[in-house]
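Chain residues, written in single-letter form:
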Amino acid sequence: MLRSVAMSPELIAILAVGVALATLILTGQRSLTARIERVESGQIELRERMAHLEGLLEGLREAIAHNRAA
């Protein structure tokens with residue numbers, strides 16, 4: 001024989017809070033993931049710009065050293 005389980009208001013409130021917290025956590029994780037991806041793409045852009053500047057400085061250094069030797 002099956003008995004129906006009555007849900008008390010306290011149990012309903014506990015379950016509702018659990019669902020609300022899970023929703024907040026998942027939303028926060030998605031937001032954090034998006035922010036981290038933006039930071040990583042910014043780092044990649046900075047690395048590329050620094051490599052370009054390093055190349056320019058190396059060329060300038062060689063030009064100065066070549067002029068002094070001549």
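Structure: see above.
Residues numbered from 1 in each chain as written. Predicted model: local features only at pLDDT ≥ 70, side-chain atom pairs only at ≥ 80, totals over all residues. Heavy atoms only, no water.

## Details of the overall build of the protein chain
- Each helix and strand counted, the protein chain has one helix and zero strands in total.
- For the protein chain, whose C-alpha radius of gyration is 30 Å, the value lies well above the compact-globule estimate of 11 Å for 70 residues.
- Principal-axis analysis of the C-alpha atoms places the extent of the protein chain at approximately 105 × 20 × 10 Å.
- When the 70 residues of the protein chain are sorted by exposure, 0% land in the buried category.
- Looking at the protein chain as shown, the accessible area adds up to about 6,800 Å², and 66% of this sits on carbon and sulfur atoms.
- Side chains of the protein chain carry 8 positive and 8 negative charges; the gap between the two charge centres is 7 Å. (Helix = DSSP H or I, 4+ residues; strand = E, 2+ residues; numbered from the N terminus. Rg over C-alpha atoms; globule rule 2.2 N^0.38 Å. Buried < 20%, exposed > 50% of the residue type's maximum accessible area, 1.4 Å probe, protein only. Areas by Shrake-Rupley, 256 points an atom, 1.4 Å probe, with all protein chains shown as cover. Lys, Arg positive; Asp, Glu negative; His and termini not counted. Charge placed at Lys NZ, Arg CZ, Asp CG, Glu CD.)

## As for the pattern of salt bridges
- All told, the structure shown has two salt bridges when counted by the stated rule.
- Here R49 makes a salt bridge to E45, at a shortest N to O gap of 3.9 Å. Here R49 and its partner E45 are both found in helix α1 (residues 9-69), four residues apart, which amounts to about one turn of the helix.
- With a shortest N-O distance of 2.7 Å, R61 and E58 are connected by a salt bridge. On the criterion of helical spacing, the pair formed by R61 and E58 is a turn pair, its members being three residues apart in helix α1.
- By relative accessible area, E58 is classed as partly exposed at 37%. (Salt bridge = Lys/Arg side-chain N within 4 Å of Asp/Glu carboxyl O.)

## Notes on a nonpolar patch on the surface
- Together, M7, L11, I12 and L15 make up a nonpolar patch on the protein surface, roughly 360 Å² of accessible area in all.
- Among the secondary structure elements, I12 is positioned in helix α1. (Patch = residues over 30% accessible without salt bridge, like charges linked within 9 Å, V, L, I, M, F, W, Y side chains within 5 Å.)

## Digging into the environment of E10
- By the element assignment, E10 lies in helix α1.
- C-alpha separation for the pair E10 and R38, spaced 28 residues apart in sequence, amounts to 42 Å.

## Let's talk about the environment of A63
- Looking at where A63 falls in the secondary structure, it is placed in helix α1.
- Between the C-alpha atoms of A63 and L32, which are 31 residues apart in sequence, the distance is 47 Å.

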